[in-house]
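If you want the building blocks of each chain, they are given just below.
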Amino acid sequence: MAYYLIHRFGPKDKPQFRKEEFAMEPEAVIKARALLAAGDPGDFVIEDDNGKIVLNDRDIRSICKTTQMR
């Protein structure tokens, strides 16, 4: 099963979207975490290959917050 990190970015009136494919859900979360760490404001969802949203932006941020390296 494939997972897709869908990242919305750019101005609110003309947003752009980037969709990246990953073999596993944690890989998509790691990529989102890297973008957040680089200063991206983040607007993410992770979908499975059936188009079902697996994690929304709030879920991803929560996972990133609880798994921060100390």
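That block above? That's the structure.
Everything numeric here is computed off the predicted structure, so don't read it as measured data.

## Digging into the pattern of salt bridges
Working step 1: Scanning the model with the defined rule gives three salt bridges in all.
Working step 2: Here Lys31 and Glu20 are joined by a salt bridge, their closest N and O atoms 3.9 Å apart. Placement of Lys31 in helix 1 (residues 25-37) and of Glu20 in strand 2 (residues 16-22) is noted, with a sequence separation of 11 residues between them.
Working step 3: The class for Lys31 is partly exposed, based on a relative accessible area of 30%.
Working step 4: When its relative accessible area of 24% is taken as the criterion, Glu20 is described as partly exposed.
Working step 5: As a salt-bridge pair, Arg61 and Asp57 come within 2.9 Å of each other at their nearest N and O atoms.

Parameters and conventions
- Residues numbered from 1 in each chain as written.
- Predicted model: local features only at pLDDT ≥ 70, side-chain atom pairs only at ≥ 80, totals over all residues.
- Heavy atoms only, no water.
- Salt bridge = Lys/Arg side-chain N within 4 Å of Asp/Glu carboxyl O.
- Helix = DSSP H or I, 4+ residues; strand = E, 2+ residues; numbered from the N terminus.
- Buried < 20%, exposed > 50% of the residue type's maximum accessible area, 1.4 Å probe, protein only.

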